[in-house]
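Commentary on secondary and tertiary structure
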Amino acid sequence: MKIDVLTLFPEMFETFRTSSILSRAVANNMVSIQTHNIRDFAANKHKNTDDYPYGGGAGMVMMVQPLSDAIKHVLAGYGEEKPKVIYLSPQGKVLTQSLAQQLSKEPALILLCGHYEGIDQRIIDRYVDMEISIGDYVLTGGELPAMVLIDCVTRLIPGVLGSSQSILEESHSAGLLEYPQYTRPAVYDGDAVPEVLLSGNHKEIERWRRQQSLKNTLLKRPDLLNRDALSDEDLKLLKELEDTF
Ligand code: 4FV
C-alpha cells in the first residue's frame, strides 16, 4: 500500500515510520509512507498556508491554493486508478475496525492533515472522497489521527503482522473484546494465572477464553454485544456467566 500524507509537520512522521512493525513493513516494501509539506506548495511571497476566515470569527483556516497544488502534485503521480483522498476531521465517519479492514484493501491512500479551524471547504468539495474521525474530541491537528489510521490499517495488510491468527482473535475483529492475557511467571506476588491456561486442555482453554471475551464485552462494552449474532454455544456461555452475577 502507498500512503501519501499532506501535512504542515512532516517531521512528526519520522519516528513513527521508523518504529516497530511499520518500519519492517516499509523495509519489506509492503507499505510506503511519503510525507509532503503543504507549505512547499504555497505560492504567496510569505509561504503562508493559513488565513482569516471569510465571515469573520476566531482562528485561522488553511488556504485553498497550497492544498490544491499539493493534492494535484500527488495525484499527478498516479495513473488511471486514483487513490482515495481522506481528510481527517471531527466531522468524519468514526474510525472502526471494520472501516480499517475496508481501507486495508486499498492500493493507495492520500491523507490530508488539517490544522487551525480546518481547511477551505472547496478542497473538501473538490478532492476529498472520505472524511474520517478518530473520535468525538478536538485535536490541534490531523497528524495524530493520520498516524492512528496508518497504524490500524497497515497492520491488517496480510503479512505485515507476524501471524494473521492474532488479527482474527483480537478485540473488535470478532465484534467481542479480547480475553485476559497472561505470561510467565505462573505466580507473581501471590497472584496466580488461571489454572485452565496451564492445563494444556485446548478445548477447555478455548471455552474459557470465549466466556472471558463475552464477560469483558458484557461488562466493559455492552453496546458491542449483539446477542442475535451470537452462536448457541455463546448464548449458553453468556447465560452461565449471567447466572454467576
Ligand atoms: C480530528 C479528530 C481533529 C480539528 C481542528 C484538527 C482537528 C484541527 N481529526 N479526528 N478528532 N482534528 O480533532 O480526526 O484542524
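Just so it is clear, the structure is predicted and the values come from calculations on it, not from any experiment.

1. Here we look at the overall build of the protein
Within the protein, the secondary structure is distributed over nine helices and nine strands. In summary, the protein has a C-alpha radius of gyration of 23 Å against a globular reference of 18 Å for 245 residues, an excess of more than 25%. Counting only residues that meet the buried cut, the protein has 42% of its 245 residues in that class. Put simply, of all contacts in the protein between residues at least 6 apart along the chain, 73% involve residues at least 24 apart.

2. Topic: the site of the ligand
Around the ligand sit 17 residues in total, of which Y116, I134, G135, Y137 and L139 are the nearest. At 3.1 Å from a nitrogen atom of the ligand is found a main-chain nitrogen or oxygen belonging to G135. Protein burial of the ligand: of its 370 Å² of free accessible surface, 95% is covered by the chains. Listed by contribution, the elements that provide at least two residues to the shell around the ligand are β5 (84–94) and β7 (130–133). Across the shell around the ligand, the residue classes break down as nine nonpolar, eight polar and no charged.

3. What about the side chain of S68?
Tracing the chain through its elements places S68 in helix α3 (residues 64–75). By relative accessible area, S68 is classed as buried at 10%.

4. Re the domain arrangement of the protein
As far as domains go, the protein holds domain 1 (2–154) and domain 2 (164–244). Between domain 1 and domain 2, the C-alpha centre-to-centre distance is 37 Å.

5. Some words on the nonpolar core
Counting 29 residues, the largest nonpolar core has L103, L111, I132, L149 and I150 as the members making the most contacts within it. Only β1 (2–7), α1 (12–17), α2 (20–27), β5, α4 (97–103), β6 (108–113), β7 and α6 (143–154) provide two or more residues apiece to this core. Considering each element in turn, this core owes the most residues, six residues, to α6. With residues near it in sequence (within four places) discarded, I150 still touches I3, V5, F13, F16, L22, I33 and L111. A70, I71, L75 and A108 belong to the second-largest nonpolar core, a separate cluster that totals 21 residues.

6. Considerations on the pairing of β6
Within a regular beta strand, the side chains point alternately toward one face of the sheet and then the other, so they alternate between its two faces. Across the six residues that make up β6, a large majority, six, are buried. Of the two faces of β6, both are covered, the one formed by A108, I110 and L112 as well as the one formed by L109, L111 and C113. Taken together, the five bridges between β1 and β6 define a ladder with parallel strand orientation. Bridging across to β6, D4 finds its partner in I110. The pairing of β5 with β6 spans five bridges and is parallel. Residue Y87 lies in a different strand from β6, and its bridge partner there is L112.

7. Let's talk about the sheet that holds β1
Across the sheet, which stays open at both edges, the five strands sit in the order β2-β1-β6-β5-β7 with parallel pairing between neighbours. Sheet topology places β2 (32–37) and β7 at the edges, where each strand pairs with a single neighbour. Between one strand axis and the next, the sheet turns by 35° as a mean value, whatever way the strands run. Against the sheet, α6 engages β1, β2, β5, β6 and β7, with an angle of about 160° to β6.

Quick notes on the rules
Residues numbered from 1 in each chain as written. Predicted model: local features only at pLDDT ≥ 70, side-chain atom pairs only at ≥ 80, totals over all residues. Heavy atoms only, no water. Helix = DSSP H or I, 4+ residues; strand = E, 2+ residues; numbered from the N terminus. Rg over C-alpha atoms; globule rule 2.2 N^0.38 Å. Buried < 20%, exposed > 50% of the residue type's maximum accessible area, 1.4 Å probe, protein only. Contact = heavy atoms within 4.5 Å. Near = heavy atom within 4 Å. Polar contact = N/O pair within 3.5 Å; in protein donor to acceptor, adjacent residues only side chain to side chain. Areas by Shrake-Rupley, 256 points an atom, 1.4 Å probe, with all protein chains shown as cover. Nonpolar A, V, L, I, M, F, W, Y, C, P; charged D, E, K, R; others polar. Domains from an automatic or database assignment. Core = buried A, V, L, I, M, F, W, Y, C linked by side-chain atoms within 4.5 Å. Pairing = 2+ DSSP bridges. Axes fitted to C-alpha atoms, helices over the stretch in contact; angles between N-to-C directions.

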